[in-house]
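Given next are the chains, with one letter for each unit.
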Amino acid sequence: MNPATGEQVGSVPVDSAGDVAAAVARIRGNQPAWEALGFKGRRRWLNELRDWLLDNSDRVADTLKSETGKVRAEATIETPYLADQINFYGSKAEKFLGEQKVRPNTMLAATRKLRLQYRPYQVVGLISPWNFPLVLSLGDAIPALMAGAAVVMKPSEITPLGLNEIVDAWRNEIGAPDVLHVVNGGAETATALVDHSDFVGFTGSDVTGKKVMARAAETLTPVSLELGGKDPMVVLEGGNMDRAVNGATWGSMLNSGQMCISVERIYVEDGAYDEFVEKLTDSVGELKQGIDGETAACDVGAMTMLSQLEKVEKQVDDAVEAGARVLTGGKRGEGPGQWFEPTVLVDCTPDMSVMEDETFGPVVTVTRVSDEEEAIRLANDSRYGLCASVFGPRGRAEKVARRIEAGAVNVNDIVFNMLAPGLPMGGWKESGIGYRNGEYGIRKYCRSEAIVSARTLLRSEPLWYPYTPERHALVSKVTKFIGGRGLRRFR
Ligand code: NAD
């Protein structure tokens, strides 16, 4: 359904648990040939996908716009992100996963040649949410494919169309090997994917993430969990106020606030508070919300999921009832379609749901703090730790950033860490386990295998059977030497 109009735009068949098992078995059979292609061979197919995505970016954006209710500008950012990921992992995969020589570093191991290789899991299962339907599914499939794994993706049941279109093109237009597949459905389909995959990459809420981890524990399947956030922003006195206001507006309202790394709590030092709040209220109040056509005419789109809209509305209503003040917005927009007005709240207290729980909507709260110590304490007072931002004079802002408990902190900037593939992105606390991007974002799809080769030309070793008296005497001598002198001198 198009959340901006309420009209149905498409449908996909639901895959049963049996369908998932069959799909996984099929692509498992194709994985060895894919791995055997090597980095160059796999990169060639992914480059074909990149070119297809760039050639068809308008078509893909139309589909995304229709199933998410995003504004056009936001529907067009997913394909360049994917192209960037392909270029990044296409050029770096071999460096991150190539065989490594390892220095022995101990006396005993010095007699051996040590190497480390990374071997992919055969089937990686990816389960993703609806807010960025391609970035959070295909974006994570790219490093898995480059590592040599086969991938089955389960998009959100709310937004499956764009991903199905691309996987159809991978198979039928590009003619690439059958190692990338989509299964459709809700919890039952996703659970089957957890059961049959060798590694599970999950992006979604912390509530579902915990279920995924519990289910995966039954088969001891490793998981990475990219979960929710309640991202703080700290505004210090003496910085560029317009940049801070602009960053806060975009960071909290981008994708209608339906972003894991959305700014949800802002803490402003006393001396900057009044000016910041006045400017932020104007800036958020001026945003144009609605449906745009071929060109960008609106800033903020619809809310993709009805139950999410209801959750946002309840958080705001409860906060207002408990004493919070709405400076702009504060209620649902007119239908058809699912809308919530861009909203700024002040006078919130830490015990309110809007301050504790993820909002995932176009709502931001602003709180006055006496100094940076109070800002850091309140910013860290959360069960989440996904991302954060600090605005202010750079030296002081960077010092504050280093004390924030989060997987990434942007200084005088917003959201940008997501666009720097060289850096890991992951959550602390209940925001997740594991990382996407960087070296870790591809190594997680592999098992490490240590290769230990003996250098010695001796037929057998003093440590081996049979334990004859001569061998025993030799072992004792060696042990005494190592224990008595060798280890104390070893560097
Ligand atoms: P969700 O947890 O409801 O659903 C995510 C996916 O899990 C969907 O595909 C859904 O079908 C599937 N699912 C549902 N029940 C399941 C089960 N029992 N076992 C396995 N899978 C199951 O989340 P959502 O509403 O789609 O997305 C919003 C959430 O995603 C927010 O909390 C947001 O912060 C988070 N998110 C995190 C990141 C990140 O990178 N950390 C990025 C985007 C969104």
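The structure under discussion appears in the preceding block.
Residues numbered from 1 in each chain as written. Predicted model: local features only at pLDDT ≥ 70, side-chain atom pairs only at ≥ 80, totals over all residues. Heavy atoms only, no water.

Trainee: So what about the layout of surface pockets? Which residues, and what values?
Mentor: Approximately 910 Å³ is the volume attributed to the largest pocket. Lining the largest pocket are 40 residues; nearest its centre among them are Pro129, Phe202, Gly204, Ser205 and Thr208. Among the secondary structure elements, those contributing two or more residues to the lining of the largest pocket are helix H8 (187-196), strand S6 (199-203), helix H9 (206-218) and helix H12 (306-321). Broken down by element, the lining of the largest pocket gets its largest block of residues, six residues, from H9. Tallied by class, the residues present in the lining of the largest pocket amount to 16 nonpolar, 14 polar and 10 charged. (1 Å grid on protein atoms, 1.4 Å probe; cavity = no way out; pocket = protein on both sides within 12 Å on 5 of 7 lines; lining within 4 Å. Points joined across faces, edges and corners; volume = space filled by probe spheres on them. Helix = DSSP H or I, 4+ residues; strand = E, 2+ residues; numbered from the N terminus. Nonpolar A, V, L, I, M, F, W, Y, C, P; charged D, E, K, R; others polar.)

Trainee: Before we move on, can you summarise the pattern of salt bridges with the specific residues and values?
Mentor: Scanning the model with the defined rule gives 31 salt bridges in all. Salt-bridge contacts for Glu78 lead to Lys70; the nearest nitrogen and oxygen are separated by 3.7 Å. For the pair Glu78 and Lys70, one class covers both residues: buried. Notably, a salt bridge pairs Lys210 with Glu430, separated by 2.8 Å at the nearest N-O pair. Here Lys210, found in helix H9, pairs with Glu430, found in the loop between strand S16 (428-429) and strand S17 (432-433); they are 220 residues apart in sequence, far enough to count as distant. Given a relative accessible area of 47%, Lys210 falls into the partly exposed group. When its relative accessible area of 28% is taken as the criterion, Glu430 is described as partly exposed. Within the structure, one salt-bridge network assembled from shared partners comprises Asp206, Lys210, Asp357, Arg383 and Glu430. (Salt bridge = Lys/Arg side-chain N within 4 Å of Asp/Glu carboxyl O. Buried < 20%, exposed > 50% of the residue type's maximum accessible area, 1.4 Å probe, protein only.)

Trainee: Go over helix H1 (residues 17-36), please, and point to the residues and values.
Mentor: The end-to-end C-alpha distance of H1 is 30 Å, a good match for the 28 Å that 20 residues give at a rise of 1.5 Å each. At Asn30, H1 shows its maximal kink, close to 35°; a proline, Pro32, follows between one and four residues later. Backbone geometry just after H1 places Gly38 at a positive phi near 75°. (Expected span 1.5 Å × (residues − 1). Bend = angle between axes of the 7 residues up to and from the residue.)

Trainee: Which residues make up the packing of aromatic side chains, and what are the values?
Mentor: A complete count under the given rule lists eight aromatic pairs for this structure. Relative to Tyr89, the ring of Phe88 has its centre 4.9 Å away and its plane inclined at 75°; by these criteria the two rings are edge-to-face. With 5.4 Å between their ring centres and 80° between their planes, Trp130 and Phe360 make a pair best called edge-to-face. A residue pair is termed long-range when its members are at least 10 positions apart, and Trp130 in the loop between strand S3 (123-127) and helix H6 (138-147) and Phe360 in the loop between helix H13 (353-356) and strand S12 (363-369) qualify at 230 residues. Each member of the pair, Trp130 as well as Phe360, carries the same accessibility label: buried. An aromatic cluster of at least three residues, connected via ring pairs, comprises Phe88, Tyr89 and Phe96. A cation sits over an aromatic face here: Arg42 above Phe39, 5.0 Å from the ring centre. Sitting over the face of the ring of Phe132, Lys70 holds its NZ or CZ atom 3.9 Å from the ring centroid. (Phe/Tyr/Trp six-rings, centres within 6.5 Å; stacked < 30°, edge-to-face > 60°. Lys NZ or Arg CZ within 6 Å of the ring centre and 35° of its normal.)

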